[in-house]
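Secondary and tertiary structure notes
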Amino acid sequence: MDTPMYTEAGPAAEASLHGGRQTGERAERTATSRRDRVYALMREEVLSGRTAPHTRLGEVRLAERFGVSRTPVREALARLHSDGLVERRENGFYATVPNLAELRDLYELRVTLELRGISRAIEDPTVRHDPDILLTELERWEKLRADPPAPDPSFVLVDEEFHAALSRASGNRALTDSLVSVNQRIRRVRMYDFLTGDRITSTITEHIRITEHLIAGELDSAYRALHEHVGASMEVVLERARRALTQMALHSDAL
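Residues numbered from 1 in each chain as written. Predicted model: local features only at pLDDT ≥ 70, side-chain atom pairs only at ≥ 80, totals over all residues. Heavy atoms only, no water.

**What to know about the pairing of strand β1 (residues 86-89)**
As judged from the four bridges shared by β1 and strand β2 (residues 92-95), these two strands associate in the antiparallel manner. If you follow Arg89 over to β2, its bridge partner there is Gly92. Hairpin remark: β1 followed by β2, antiparallel, with two residues in the connecting loop. (Pairing = 2+ DSSP bridges. Helix = DSSP H or I, 4+ residues; strand = E, 2+ residues; numbered from the N terminus.)

Put into structure tokens, the structure is as follows:
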């Protein structure tokens, strides 16, 4: 009967295995860094309007431009498509062109839905905002005030969470569902609201003020503060969207 042969990995073999694992981890970190860099560069160009609306975002050309393979470009395009910043047409990806008329209509609907969560409590004293939801939001935004994030279009998702929570606290689920749906439809352009540090800090400050008014039962003050907040956001977004469209037009003429 043959006896199975067992061997133990010596120090050299273990070092080789450990070194191979480290090499693999470094390669993975490098690939991730490359993907993030390409995504950030492409996102900035789309948001700034430097990408003409009729220019196809071809993988080969972009890969050569950024000095990378097609893989990080392909992944960046998928992320930008998920963000709503590029759209897929029959022959490839193109920068999404904001429709300002549609945006204004949807923003007006958003304002109506936002304010209704408070006005229904003003009209009916039996309607009370959920204090647990409000206190949770207040704590979250106070932490953000203490350590504000850098300007980033993805901050729109954090902002949406606040407004959905505020609506949910008012107790009308259908109202909240409608607001979430509208915010999703305007998200791709609302990203323009969070490109500067002052808009990040003002958003945080205004969210805290609205929440504090509601916690104190100051419904009229909360209503006015929310109205000013969403109104200011609309004007900033529309102006920056117009600016992006102008840049797109200028780059189109230059081609």
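**Focus: the environment of Ala40**
In this structure, Ala40 sits in helix α1 (residues 11-48). Note: C-alpha distance between Ala40 and Ala76 (36 residues apart in sequence) is 8.4 Å.

**Brief notes about the environment of Arg34**
Within the secondary structure, Arg34 is located in helix α1. Separated by 39 residues in the primary sequence, Arg34 and Val73 place their C-alpha atoms 9.5 Å from one another. Apart from the residues within four sequence positions on either side, Arg34 is in contact with Val68 and Pro72. (Contact = heavy atoms within 4.5 Å.)

**A few points about the packing of aromatic side chains**
Taken as a whole and assessed by the stated rule, the structure comprises three aromatic pairs. Here the aromatic rings of Trp141 and Phe162 are separated by 5.7 Å at their centres, their planes lie at 75°, and the arrangement is edge-to-face. You can see Trp141 sitting in helix α5 (residues 131-146) and its partner Phe162 sitting in helix α6 (residues 155-169), a full 21 residues away along the chain. Overall, the relative accessible area of 1% leaves Trp141 in the buried class. A ring pair is formed by Phe155 and Phe194, whose centres lie 5.2 Å apart and whose planes are at 65°; its orientation type is edge-to-face. In this pair, Phe155 sits in helix α6 while Phe194 sits in the loop between α7 (173-190) and α8 (197-215), placing the two residues 39 residues apart along the sequence. Accessibility expressed as a relative area gives 5% for Phe155, which makes it buried. Look at Phe194 and you get buried, because its relative accessible area is 1%. (Phe/Tyr/Trp six-rings, centres within 6.5 Å; stacked < 30°, edge-to-face > 60°. Buried < 20%, exposed > 50% of the residue type's maximum accessible area, 1.4 Å probe, protein only.)

**Points about the confidence of the model for the chain**
When pLDDT is averaged along the chain, the result is 84, and 82% of the positions lie at 70 or above. Of all the helices and strands in the chain, α1 carries the lowest mean pLDDT, 71, while α5 carries the highest, 98. Throughout residues 1-8 the model reports pLDDT below 50, and contacts reaching past four residues in sequence, or to other chains, amount to zero contacts. Under a pLDDT of 50 for its full length, residues 251-255 has, in the predicted model, nine contacts with residues more than four places off or in other chains. (pLDDT = per-residue confidence, 0-100.)

**Some points on α6**
In this model α6 runs 22 Å from its N-terminal to its C-terminal C-alpha over 15 residues, within 8% of the 21 Å that 1.5 Å per residue would give. Among the 15 residues that make up α6, eleven are buried, leaving the element largely enclosed by the rest of the structure. Turning to α6, its buried residues number three or more, namely Phe155, Val156, Asp159, Glu160, Phe162, His163, Ala164, Ala165, Leu166, Ser167 and Ala169. Following α6 by one or two positions, Gly171 has its phi on the positive side, about 95°. (Expected span 1.5 Å × (residues − 1).)

**A few points about the side chain of Thr176**
Position of Thr176 relative to the elements: it lies in helix α7. At 3.3 Å, the side chain of Thr176 forms a polar contact with the backbone nitrogen of Arg168. Once residues lying within four places of it in the same chain are set aside, the contact partners of Thr176 are Ala164, Ser167 and Arg168. (Polar contact = N/O pair within 3.5 Å; in protein donor to acceptor, adjacent residues only side chain to side chain.)

**Describing the environment of Arg187**
Along the chain, the position of Arg187 falls in helix α7. Given a relative accessible area of 23%, Arg187 falls into the partly exposed group. Spatially, the C-alpha atom of Arg187 lies 9.6 Å from that of Pro153, the residues being 34 residues apart in sequence. In this view, Arg187 contacts Val156, Leu157 and Glu160; residues no more than four positions away in its chain are not counted.

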